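Here are the chains, one letter per residue:
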Amino acid sequence: MKFNSIQSFCEYTHAKKPRHIEIDIGEYSSEFRLASPPVYPAFYRISIKYGLEEDKQKGYMYFSSPNQAIEWNTEVPWRGYYINITEALISNSQHLAYSFLKYGSHEPLLLEQAEEAIITGAFKGALQEYNKESFSIKILLAYCNLMFAHIAEFYKRQFGEQREKYAKLVDDFFLLLNAFYDRPHQPNIEQPSVSYFAQSLNVTPNYLSDLVKFYTGKSALSHIHQHIIETAKPLITQKEATINEIAYQLGFEYPNYFSRLFRKHTGHTPSKYRNL
């Protein structure tokens, strides 16, 4: 089931009717639907929930992006707050376009006590503004910006504290990357992408890229491009295939794009590199 508007989703979940078509801020109540099969809201959802079974002493934050499946099943009503915000409003406020908004269900944020107080305060302030007879969208977005900036820092803390868990995912990414071209005579090979590896690892592309960058200092895409270049170099110097053939062999649909990428990383076109 897909919900193209915030209002239709609120009606489905028995949440309070939104006061704006592009942003809705609310507090979970006992009327909120306790269970749902997968549904697809066409907007971003940001929520904080307290007293969950995972750790009743701490708050958890969850994020979903437009048209991403979400489902839930709880025996008791949640306590906490939520924001529903449209893709258009995020796009028109680029400072709000944080990558964690697209982490999905793979990586909830477990808040420390001091962090929970900061986020709860931001939610309460935003909700207080939202409940005014005449509220300001600019002020609501300012609260969102403050909250999102804090969340980005809290994720860094979480990545650092659970090094063993996250390091394995990063290691698995590099194992897949290094083996990508080690499949002889593979027909219709495609250019490696962050989405490909994220799907293989059952995480979202944004989550994978942020995690790889946290541990290595470079994004997943940068590592992918570097691997392509290092794979291409011996193929070029061996002179057993044309540059176009090498580009196709590496999964590029357009050889010109391969040439531009190679020149960007090496300072030489593939043809010039062949003749060095």
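Preceding this section is the structure that the text describes.
Before going into details, it helps to say that this report is about the structure given with it. Source: prediction; values computed, not measured.

Scoring rules and cut-offs
Residues numbered from 1 in each chain as written. Predicted model: local features only at pLDDT ≥ 70, side-chain atom pairs only at ≥ 80, totals over all residues. Heavy atoms only, no water. Helix = DSSP H or I, 4+ residues; strand = E, 2+ residues; numbered from the N terminus. Buried < 20%, exposed > 50% of the residue type's maximum accessible area, 1.4 Å probe, protein only. Contact = heavy atoms within 4.5 Å. Areas by Shrake-Rupley, 256 points an atom, 1.4 Å probe, with all protein chains shown as cover. Lys, Arg positive; Asp, Glu negative; His and termini not counted. Charge placed at Lys NZ, Arg CZ, Asp CG, Glu CD. Pairing = 2+ DSSP bridges. Axes fitted to C-alpha atoms, helices over the stretch in contact; angles between N-to-C directions. Salt bridge = Lys/Arg side-chain N within 4 Å of Asp/Glu carboxyl O.

**Side note on the overall build of the protein**
Then comes step 1: When helices and strands are counted, the protein shows 11 helices and eight strands.
Then comes step 2: Reported as C-alpha extents along the three principal axes, the dimensions of the protein are approximately 70 × 35 × 30 Å.
Then comes step 3: When the 276 residues of the protein are sorted by exposure, 45% land in the buried category.
Then comes step 4: A separation threshold of at least 6 residues defines the contact pool for the protein, and within that pool the share at least 24 residues apart is 73%.
Then comes step 5: Roughly 14900 Å² of accessible area belongs to the protein as shown, and the carbon and sulfur atoms make up 50% of that amount.
Then comes step 6: Each charge class in the protein can be summarised by its mean position, and for the 29 positive and 29 negative side chains these summaries are 7 Å apart.

**Notes on the sheet that holds strand 3 (residues 35-41)**
Then comes step 1: Across the sheet, which stays open at both edges, the three strands sit in the order 1-3-6 with mixed pairing between neighbours. Looking along the sheet, the strands with just one partner apiece sit at the ends: strand 1 (2-3) and strand 6 (70-73).
Then comes step 2: Where strand 1 meets strand 3, two bridges bridge the pair, whose relative direction is parallel. From the neighbouring strand, Phe3 faces strand 3, where its bridge partner is Pro41.
Then comes step 3: Each of strand 1, strand 3 and strand 6 is contacted by helix 1 (residues 6-13), which is oriented at about 180° to strand 3, the strand it contacts most.

**Some remarks on the pattern of salt bridges**
Then comes step 1: All chains considered together, the criterion is met by eight salt bridges.
Then comes step 2: With a closest N to O distance of 3.7 Å, Arg157 and Glu112 form a salt bridge. One end of the pair, Arg157, is in helix 4 (residues 137-161); the other, Glu112, is in the loop between strand 8 (109-110) and helix 3 (113-130), and 45 residues separate them in sequence.
Then comes step 3: The partly exposed category is assigned to Glu112, whose relative accessible area is 29%.
Then comes step 4: Measuring nitrogen to oxygen at the nearest pair gives 3.4 Å for the salt bridge that ties Lys156 to Glu153. You can see Lys156 and its partner Glu153 sitting in helix 4, three residues apart, about one turn around the helix.
Then comes step 5: Accessibility expressed as a relative area gives 44% for Lys156, which makes it partly exposed.
Then comes step 6: Under the relative-accessibility criterion, Glu153 is labelled partly exposed at 45%.

**Points about the pairing of strand 5 (residues 59-64)**
Then comes step 1: Most of strand 5 is tucked away: five of the six residues are buried.
Then comes step 2: Across six bridges, strand 4 (residues 44-50) lies against strand 5 in antiparallel orientation. Residue Lys49 lies in a different strand from strand 5, and its bridge partner there is Tyr60.
Then comes step 3: When strand 5 meets strand 8, the two strands line up antiparallel, connected through two bridges. Residue pairing across strands places Met61 opposite Leu109, the latter belonging to strand 8.

**So, the environment of Ala220**
Then comes step 1: Within the fold, Ala220 resides in helix 8 (residues 220-238).
Then comes step 2: Placed 22 residues apart in sequence, Ala220 and Ala198 show a C-alpha to C-alpha distance of 9.8 Å.

**Structural notes on unusual backbone geometry**
Then comes step 1: Backbone geometry places Asn67, a non-glycine residue, at a positive phi of 65°.
Then comes step 2: As for its placement among the helices and strands, Asn67 is situated in the loop between strand 5 and strand 6.
Then comes step 3: Since its relative accessible area comes to 39%, Asn67 is described here as partly exposed.
Then comes step 4: Located in the positive-phi region is Asn202, a residue other than glycine, with phi close to 60°.
Then comes step 5: Within the secondary structure layout, Asn202 lies in the loop between helix 6 (194-201) and helix 7 (205-216).
Then comes step 6: Owing to a relative accessible area of 58%, Asn202 belongs among the exposed residues under this scheme.

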